[in-house]
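# Geometric and topological summary
These are the residues of each chain, in order.
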Amino acid sequence: MNTKRQYEVVFIVDPTADDEVTRLTDNFKQVIADQGGVVTKAESMGKRQLAYEILHRKEGTFVLLEIEGSGREIAELERRMRVNDRILRYLTVRVDEDRRRAEKLKERRARKVAKRSSSTSPAVRRSAAVDFAEAKAE
């Protein structure tokens, strides 16, 4: 597994541990770096209300990490989150395939628009109108 993949990890921290959020995030960044991964983005999304109660908590502090790595660091990160009492929930999603597919669709749409705009140039429209008028006259 030497290919670099992209992952998004979202975890919810107990809201009573506001001062620990940055420390936890820094520890998780260090774990990822030790395993050979790279954190491309770390964003604290703040305290939000949960959709349902988790461990009698109605809100939590959400943190998003975007990680580039082989997958080995994700396994270690999830193991550490599982045993940490301050982490209410976490979710890891592999996003490189979805982003690649989205880029491909975006390029295809751009080519279609470029093709459509070049095929409907004024000269083409005039010649099509002339052809239509001649066909109607006959």
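So, here's what we can say about the structure. Computed from a predicted structure; not experimentally measured.

### Quick word on the overall build of the protein
Secondary structure assignment for the protein yields four helices and four strands. Helices and strands appear in the protein in the N-to-C order β-α-β-β-α-β-α-α. Sorting the 138 residues of the protein into buried and exposed places 28% on the buried side. Residue pairs at least 24 apart in sequence account for 75% of intrachain contacts in the protein once pairs closer than 6 positions are excluded.

### Brief notes about the packing of aromatic side chains
Aromatic ring pairs: the centre-centre distance and the angle between the two ring planes describe each pair. Evaluated as defined, the whole model comprises one aromatic pair. When the ring of Phe11 is compared with that of Phe28, the centres are 5.2 Å apart and the planes differ by 90 degrees; the resulting orientation is edge-to-face. With a gap of 17 residues between them, Phe11 in strand β1 (residues 5–13) and Phe28 in helix α1 (residues 21–34) connect regions that are remote in the sequence. With a relative accessible area of 0%, Phe11 lands in the buried category.

### A look at the sheet that holds strand β3 (residues 57–69)
The sheet built from four strands is open, its strands ordered β2-β3-β1-β4 with antiparallel pairing. Edge strands, defined here as strands with exactly one partner in the open sheet, are β2 (38–54) and β4 (87–94). Neighbour-to-neighbour, the strand axes of this sheet turn through a mean angle of 20 degrees, independent of strand direction. Judged from the seven bridges that link them, β1 and β4 form a sheet pairing that is antiparallel. Its bridge partner being in β4, Val13 is matched across the sheet by Ile87. Its contacts with the sheet place α1 against β1, β2, β3 and β4, and it is angled at close to 25 degrees to β3. Against the sheet, helix α2 (residues 72–83) touches β1, β3 and β4, its axis set at about 165 degrees to β4.

Parameters and conventions
Residues numbered from 1 in each chain as written. Predicted model: local features only at pLDDT ≥ 70, side-chain atom pairs only at ≥ 80, totals over all residues. Heavy atoms only, no water. Helix = DSSP H or I, 4+ residues; strand = E, 2+ residues; numbered from the N terminus. Buried < 20%, exposed > 50% of the residue type's maximum accessible area, 1.4 Å probe, protein only. Contact = heavy atoms within 4.5 Å. Phe/Tyr/Trp six-rings, centres within 6.5 Å; stacked < 30°, edge-to-face > 60°. Pairing = 2+ DSSP bridges. Axes fitted to C-alpha atoms, helices over the stretch in contact; angles between N-to-C directions.

Any link to function would need more than the numbers given here.
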